Amino acid sequence: MQWGKYSTAEAFCKLALDGYENALGAEHLLVARELETLALLYQKQDKIELTEPLHKRAIAIHQEHKPPRHDSVTQKVDVLKRRLLTLEEIAIDRASPELAKSLNELGVLFHLQNNHQMAEKLFEHSLEIRESLLGREHPDCAQSLYNLAAIYNDTRQYERAEALYERALDIRTKVFPPGHQAVFSVLKHLAVIYKKQEKLDKAVPLYRQALQIREESFGDSHPSVATALVNLAVVYCEMKNHSVALPLYTRALRIFEESLGCGHPRVAETLRNMALLQYDQGDFEKAARLYQKATEIKENNELSPSRRSLSLDNGNRY
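Per chain, residue numbering runs from 1 following the sequence as it is written. Whole-chain, interface and lining totals are the exception, using all residues; otherwise, since this is a predicted model, local features are given only for residues with pLDDT of at least 70 and side-chain atom pairs are given and counted only at 80 or more. Computation of side-chain values: all heavy atoms of the structure, hydrogens and water removed.

Peer 1: Break down the overall build of the chain for me, with residues and values.
Peer 2: Strands are runs of DSSP state E lasting at least two residues, helices are runs of H or I lasting at least four, and both sets are numbered from the N terminus onward. A tally of helices and strands in the chain yields 15 helices and zero strands. Evaluated residue by residue, the chain yields a buried proportion of 42% over its 318 residues. In this description, accessible areas are obtained by the Shrake-Rupley approach with a 1.4 Å probe, and a residue is regarded as covered only by the protein chains that are shown. Of the roughly 17300 Å² that the chain leaves accessible, carbon and sulfur atoms contribute 52%. Buried, partly exposed and exposed residues are distinguished by accessible area as a fraction of the type maximum, computed with a 1.4 Å probe on protein chains only: under 20%, between the cut-offs, and over 50%, respectively.

Peer 1: Which residues make up helix H5 (residues 97–112), and what values go with them?
Peer 2: Each turn of an α-helix holds 3.6 residues, which means side chains three or four residues apart point in the same direction. Taking 1.5 Å of rise per residue, 16 residues should cover 22 Å, and H5 covers 23 Å from first to last C-alpha, within 8% of that figure. Extensive coverage of H5 is indicated by the burial of twelve of its 16 residues. All buried positions along H5 are accounted for by Leu-99, Ala-100, Ser-102, Leu-103, Asn-104, Glu-105, Leu-106, Gly-107, Val-108, Leu-109, Phe-110 and His-111. Phi turns positive one or two residues past the end of H5, at Asn-114, with a value near 65°. How far a helix is expected to stretch is found by multiplying one less than its residue total by 1.5 Å.

Peer 1: Let's hear about the packing of helix H9 (residues 181–196) against helix H10 (residues 200–218): which residues, and what values?
Peer 2: The axes are straight lines fitted to the C-alpha atoms, using for helices just the contacting stretch, and the angles between their N-to-C directions are given from 0 to 180°. Look at H9 against H10: their axes get within 8 Å of each other, and the N-to-C directions meet at 150°. One finds that H9 runs roughly antiparallel with respect to H10. Once H9 is placed against H10, the crossing between them reads as left-handed. Residues Gln-181, Phe-184, Leu-187, Leu-190, Ala-191, Val-192, Tyr-194 and Lys-195 of H9 form the contact with H10, whose participating residues are Leu-200, Lys-202, Ala-203, Leu-206, Tyr-207, Gln-209, Ala-210, Ile-213 and Arg-214. Partitioning the contact of H9 with H10 into residue classes produces twelve nonpolar, two polar and three charged. These descriptions rest on fixed angle ranges, namely under 35 degrees for roughly parallel, over 145 for roughly antiparallel, 65 to 115 for roughly perpendicular, and the rest for oblique. Crossings are assigned a handedness: left-handed for a near helix turned anticlockwise from the far helix by less than a right angle, right-handed for a clockwise turn. We call two residues in contact when some of their heavy atoms are within 4.5 Å. Residue polarity is assigned by list, with Asp, Glu, Lys and Arg as charged and Ala, Val, Leu, Ile, Met, Phe, Trp, Tyr, Cys and Pro as nonpolar; anything else, Gly included, falls into the polar class.

Peer 1: Run through the environment of Leu-103, naming residues and quoting values.
Peer 2: Among the secondary structure elements, Leu-103 is positioned in helix H5. Leu-103 gets classed as buried once you look at its relative accessible area, which sits at 4%. A sequence separation of 23 residues divides Leu-103 from Ser-126, and the C-alpha atoms of the two residues are 5.5 Å apart.

Peer 1: If you had to explain the side chain of Arg-214 to someone new, which residues and values would you point to?
Peer 2: As for its position among the elements, Arg-214 is in helix H10. By relative accessible area, which is 14% here, Arg-214 ends up buried. For Arg-214, the contacting residues outside a window of four places in its chain are Gln-181, Phe-184, Gly-219, Ser-224, Val-225 and Ala-228.

Peer 1: I'd love a proper account of the packing of aromatic side chains, names of residues and values included.
Peer 2: When we look at a pair of aromatic rings, we describe it by the centre distance and by the angle of the planes. Under the pairing criterion, centres of Phe, Tyr and Trp rings, with the six-membered ring standing for Trp, must be within 6.5 Å; the plane angle then separates stacked pairs below 30 degrees from edge-to-face pairs above 60, leaving the rest tilted. Tallied over the full model, the rule gives two aromatic pairs. A centroid spacing of 5.8 Å and a plane angle of 75° characterise the contact between Tyr-146 and Tyr-165, whose relative ring orientation is edge-to-face. Taken together, the residues span a long stretch of sequence, with Tyr-146 in helix H7 (residues 139–154) and Tyr-165 in helix H8 (residues 158–175) at a distance of 19 residues. Classification of Tyr-165 as buried rests on a relative accessible area of 1%. Consider the ring centre and the ring normal. A charge sits over the ring if Lys NZ or Arg CZ is within 6 Å of that centre and within 35 degrees of that normal. Just above the ring of Phe-184 sits the side chain of Arg-214; from NZ or CZ to the centre is 3.8 Å.

Peer 1: Run through the packing of helix H11 (residues 223–238) against helix H12 (residues 242–260), naming residues and quoting values.
Peer 2: Contact geometry for H11 and H12: axes closest at 8 Å, N-to-C directions at 155°. On the basis of their axis angle, the class for H11 and H12 is roughly antiparallel. As H11 runs across H12, the sense of the crossing is left-handed. Of H12, the residues touching H11 (which contributes Pro-223, Val-225, Ala-226, Thr-227, Leu-229, Val-230, Leu-232, Ala-233, Val-234, Tyr-236 and Cys-237) are His-242, Val-244, Ala-245, Leu-248, Tyr-249, Arg-251, Ala-252, Ile-255, Phe-256, Ser-259 and Leu-260. Class assignment for the residues of the contact of H11 with H12 results in 18 nonpolar, three polar and one charged.

Peer 1: Describe the pattern of salt bridges, listing the residues and the values that go with them.
Peer 2: Definition used for salt bridges: Asp or Glu carboxyl oxygen within 4 Å of a side-chain nitrogen of Lys or Arg. Scanning the entire structure with this criterion turns up 13 salt bridges. The residue Arg-136 makes a salt bridge to Glu-131 at a minimum N-O spacing of 3.5 Å. Note on Arg-136: relative accessible area 48%, which makes it partly exposed. Glu-137 is the partner of Lys-174 in a salt bridge, and the nearest nitrogen-oxygen pair spans 3.6 Å. Residue Lys-174 is found in helix H8, and its partner Glu-137 is found in the loop between helix H6 (116–134) and H7; the two are separated by 37 residues along the sequence. Given a relative accessible area of 44%, Glu-137 falls into the partly exposed group. Bridged by salt links that share partners, the residues Glu-131, Arg-136 and Arg-167 form one connected network.

Listed below in structure tokens is the structure:
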């Protein structure tokens, strides 16, 4: 269900940012690019307080690198493509961390192009080199494991993805502090894998840990905390533990209303989830009220002139 193009654009931007951070590292120039894009989206939505931290982080990344000779993303992709032409020559030399890094970056390129078969081979080769040269517990191995797990997730090989995500989480938990983004990103993907396989008892502790990390990172009233609350509540609903899920939804709703406004799509989504919960419990009257309120918010967003122009502004990209 679409609630507006900005919400969709924001979701895609966050997905790309997460992918680049884990595939290429948190200080990569492509990470800076996505941070700037996300900041621009927030600025267009008048979420000024969210733009400054993103701008600061992007500037810090740029300061650590020499200015690129070309700004075009297409040109950056072409650089990676040209690396493919020299891989055969590189491969005849002794394996090195640099070769493993190049293989990993090429794997990311093919993954973004949905060429899962080629990406899988590149990630496997990168992992093999890193394990041989750096040891199986090195953080670079966790990066390759994470990327390879993403391939298996996309191709619905969930058991294989689960094993790799578990191993990546184990490595990163030993290397990074509990609230580090590198730990959080693996943790949340592993939780989703458990959920997809209906291993809900395994998923719950990870969703709870994700909530704790978000609370410690952003405070108790940040929209990211509300999102973590909703994710946890959904799992409890699937377990038919509605008495635990309802307070989580209620808290998430309050955070979304106070931080984003009562007419925001995330408010409507949470109200809809609460309506389904009430319906499952047999309180059809309350479910109907909640669902009606969610529908009104959705319709108001669709009719809003600002959101119509917003959709047109972003129609070419999303």
